[in-house]
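# Observations on the model geometry
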Amino acid sequence: LQVNRERDGATGVMEVDAETWKARPLRDAQDLVLTDQPRWPVAVAPDGRAFVADGGGITETVFGPGGESSYRRRPVLLARTSFLKVSDDGRYLFAADAETDRNRLYVFDARPGAPQVGPLATLAGDDRTRVGGPFSVSPDGRVLVFRSGLVVRLDDGGATPGDP
């Protein structure tokens, strides 16, 4: 659970006990937010791994017991304004640029220890196809709908624009 503390504006990750609903800080913001401006997008996988895009790549953080963490870097150049989401099953990580001349959608294997850290698929926008910006992911992780109305279907061959 990512939170912003009102008293000091800091961002961090909290762990919530599902039985008592009490929260405790798990990790401070300095491990997740690499700069104060802009705030980089964060996506959390169902198993608690956090993905943070910082413009120079995406850092996957695995929070271990006792506060130890491990990190894995995914090389991709994202725009200053970008959006991240992990599919409900934790299989895919989606990263979309926004506010650039040629936005892109990147699809990554988000499973723990996935052998490929680079994108599985990339879909670039053009004059007719408005890729990028905010989007929603279907529960099965196979269809994305962008605010522009673009529908992207993910199949074994990659990401393709079109009807689901």
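As the structure is a computational prediction, the values presented were derived from the model and not from experiment.

### Some points on the environment of Pro46
With respect to the secondary-structure elements, Pro46 resides in the loop between strand 4 (42-44) and strand 5 (50-53). In this structure the C-alpha to C-alpha distance between Pro46 and Ser87, which are 41 residues apart in sequence, comes to 8.6 Å. Residues within four places of Pro46 in sequence aside, it is in contact with Val86, Ser87, Asp88, Asp89 and Gly90.

### As for the pairing of strand 11 (residues 121-124)
Of the two faces of strand 11, only one is covered, namely that formed by Ala121 and Leu123; the face formed by Thr122 and Ala124 stays uncovered. Of the strand pairs in this sheet, strand 10 (residues 104-109) and strand 11 are connected by four bridges, and their pairing is antiparallel. Along strand 11, the bridge assignment pairs Arg104 with Ala124.

### Quick word on the sheet that holds strand 7 (residues 69-74)
In spatial order, the strands read 4-5-6-7; together these four strands make up an open sheet with antiparallel pairing. The sheet terminates laterally at strand 4 and strand 7, the two strands that pair on one side only. With strand direction ignored, the average angle separating the axes of adjacent strands in the sheet is 20 degrees. As defined by bridge partners, strand 5 adjoins strand 6 (residues 58-63) across four bridges and the pair is classed as antiparallel. Its bridge partner lying in strand 6, Phe51 is registered against Glu60.

### Focus: the pairing of strand 10
With five of six residues buried, strand 10 lies mostly within the body of the structure. In textbook terms, the turn of a hairpin is the stretch between consecutive antiparallel strands, and for strand 9 (residues 92-98) and strand 10 this stretch comprises five residues, one of which, Glu99, has a positive phi near 60 degrees.

### Some thoughts on the environment of Asp101
Tracing the sequence through the fold places Asp101 in the loop between strand 9 and strand 10. Note on Asp101: relative accessible area 77%, which makes it exposed. Distance in space between the C-alpha atoms of Asp101 and Asp126 is 8.5 Å, their sequence separation being 25 residues.

Cut-offs used in this document
Each chain carries its own residue numbering, running from 1 in the direction its sequence is written. This being a predicted model, a pLDDT of at least 70 is required before a residue's local features are given, and a value of 80 or more before pairs of side-chain atoms are given or counted; all residues contribute to the totals for chains, interfaces and linings. Excluding hydrogens and water, the side-chain figures rest on all heavy atoms present in the structure. To qualify as a helix, a DSSP run of H or I must reach at least 4 residues; to qualify as a strand, a run of E must reach at least 2; elements of each kind are numbered from the N terminus. In what follows, residue pairs with any heavy atoms lying within 4.5 Å of each other are defined as contacts. Burial classes: relative accessible area under 20% of the type maximum marks a residue as buried, over 50% as exposed, and values in between as partly exposed (1.4 Å probe, protein chains only). Two strands qualify as a pair provided DSSP detects at least 2 bridges between them. Geometry is summarised by axes, namely lines fitted to C-alpha atoms with helices restricted to the contacting stretch, and by angles between N-to-C directions that run from 0 to 180 degrees.

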